[in-house]
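# A look at the structure
So the chains spell out like this:
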Amino acid sequence: MNFRDKKLQIPLKAELPLLFVILYLPSYLNQGTGFIRGFFDIPGVHIQMILLSTVYSLFIYYLWENIPSGRQDQVADCLGVPRFREFLLTLGGLALIYLVISAGLSALLPREGVFRNPEKPVLITKAPMLIPAAVTCLFSALQEEIFFRGYAYNRLLQSGISPSKAMFISTVLFSAGHLYQGVPGLLYAFAAGLFLVSRIQKGASLFSLIPAHALLNFIQILLNFFTEGMKI
């Protein structure tokens, strides 16, 4: 038997979970139950996250460009020119989702127990580190949007799955990576993921979603610095 003549073919049902496990699960598990104190004060953290995000983005884009032939009519055109209006709409939607879920769960969930709303960690205490933190947010949003709202969603569409199912499956994968944040983080990731992929379904460009995603993440870090980090 000549194994060189054999082609490795991974079923679609296994392809996306496998890529998720390879690319994202290690970093999610690394974070454990949350970020360590002053996580974004460490320059090496930013260097590592930016480099990994760059490599992941290029790899995912390569896979995307080499998707096997199939129902190409189903694939969404989401690599178009970004629009400022779409950016503002996406940023506003993400902020609203975050505020509603944060306020609702803070009132409903008990302070103790498995389903409690976890206390916010002190992420950053050094003002000069806000600049690399902003760059890190941009690159992290880039690789997440390219994979979950770009490659995963379009790969599912191209295989013949309905848009609603493709939205749900890609969002489940995205939210699964936020289990370490507890129930609030999981629910926010799921709601935000559905909202983001719905923008793609309606014709938005990934390049409108990426800066909105990045800016919201940076605003959260900025607020954490002014409310928690400056007290230290």
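As the structure is a computational prediction, the values presented were derived from the model and not from experiment.

Time to look at the packing of helix α5 (residues 130-158) against helix α8 (residues 206-227). Any two packed helices are characterised by the angle at which their axes cross and by the distance between the axes. For the pair α5 and α8, the least separation of the axes is 8 Å and the interaxial angle reads 140°. By the angle class used here, α5 and α8 are oblique. Relative to α8, the crossing made by α5 is right-handed. Between α5 and α8, the residues in contact are L130, A133, A134, C137, L138, A141, L142, E144, E145, I146, R149 and G150 and L206, L209, I210, H213, A214, N217, F218, I221, L222 and F225, respectively. Residue composition of the contact of α5 with α8, by class: 16 nonpolar, 3 polar and 3 charged.

Given a rise of 1.5 Å per residue, 29 residues ought to cover 42 Å, and the 40 Å separating the end C-alpha atoms of α5 matches this to within 8%. At I146, α5 shows its largest kink, close to 30°. Across the 29 residues that make up α5, a large majority, 22, are buried. At the C-terminal side of α5, G160 shows a positive phi close to 105°.

We now examine the side chain of D41. Turning to its location among the elements, D41 is positioned in the loop between α2 (25-30) and α3 (43-65). K126 provides the closest opposite charge to the buried, unpaired D41, separated from it by 5.4 Å. Side-chain polar atoms of D41 contact the side chain of T125, separated by 2.6 Å. Not counting residues up to four positions away in its chain, the partners in contact with D41 are L123, I124, T125, K126 and M129.

So, on to the pattern of salt bridges. Evaluation of the coordinates by the stated rule reveals 3 salt bridges. R149 is the partner of E145 in a salt bridge, and the nearest nitrogen-oxygen pair spans 2.7 Å. Here the residue E145 and the residue R149 both occupy positions in helix α5, the gap between them amounting to 4 residues, near one helical turn. Each of the two residues, E145 as well as R149, counts as buried.

So, about the packing of aromatic side chains. Throughout the structure, instances matching the rule amount to 13 aromatic pairs. Look at F147 and F148: their rings are 4.9 Å apart centre to centre, the planes differ by 85°, and that puts the pair in the edge-to-face class. F148 shares its class with F147; the two are buried. With a centroid separation of 6.3 Å and 20° between ring planes, the pair formed by F147 and Y151 is classed as stacked. Of the two residues, F147 and Y151 are both situated in helix α5; the distance of 4 residues between them amounts to about one turn of the helix. Judged by its relative accessible area of 4%, Y151 is buried. Among the aromatic residues, those joined into a ring-pair cluster are F20, Y24, Y56, F147, F148, Y151 and F174. The ring of F174 carries R149 above its face, with NZ or CZ at 4.2 Å from the centroid.

What follows covers the nonpolar core. Residues Y24, I60, I124, F148 and Y151 are the most contacted members of the largest nonpolar core, which totals 57 residues. Residue assignment for this core shows that the elements contributing at least two residues are α1 (12-23), α3, α4 (84-108), α5, α6 (163-176), α7 (182-201) and α8. Top element by residues in this core is α5. It accounts for 12 residues. Residue contacts for Y24: discarding those within four places in its chain leaves L19, I60, Q143, E144, F147 and F148.

Cut-offs applied
Residues numbered from 1 in each chain as written. Predicted model: local features only at pLDDT ≥ 70, side-chain atom pairs only at ≥ 80, totals over all residues. Heavy atoms only, no water. Axes fitted to C-alpha atoms, helices over the stretch in contact; angles between N-to-C directions. Helix = DSSP H or I, 4+ residues; strand = E, 2+ residues; numbered from the N terminus. Parallel < 35°, antiparallel > 145°, perpendicular 65-115°, else oblique. Left-handed = near helix turned anticlockwise from the far one by under 90°. Contact = heavy atoms within 4.5 Å. Nonpolar A, V, L, I, M, F, W, Y, C, P; charged D, E, K, R; others polar. Expected span 1.5 Å × (residues − 1). Bend = angle between axes of the 7 residues up to and from the residue. Buried < 20%, exposed > 50% of the residue type's maximum accessible area, 1.4 Å probe, protein only. Lys, Arg positive; Asp, Glu negative; His and termini not counted. Salt bridge = Lys/Arg side-chain N within 4 Å of Asp/Glu carboxyl O. Polar contact = N/O pair within 3.5 Å; in protein donor to acceptor, adjacent residues only side chain to side chain. Phe/Tyr/Trp six-rings, centres within 6.5 Å; stacked < 30°, edge-to-face > 60°. Lys NZ or Arg CZ within 6 Å of the ring centre and 35° of its normal. Core = buried A, V, L, I, M, F, W, Y, C linked by side-chain atoms within 4.5 Å.

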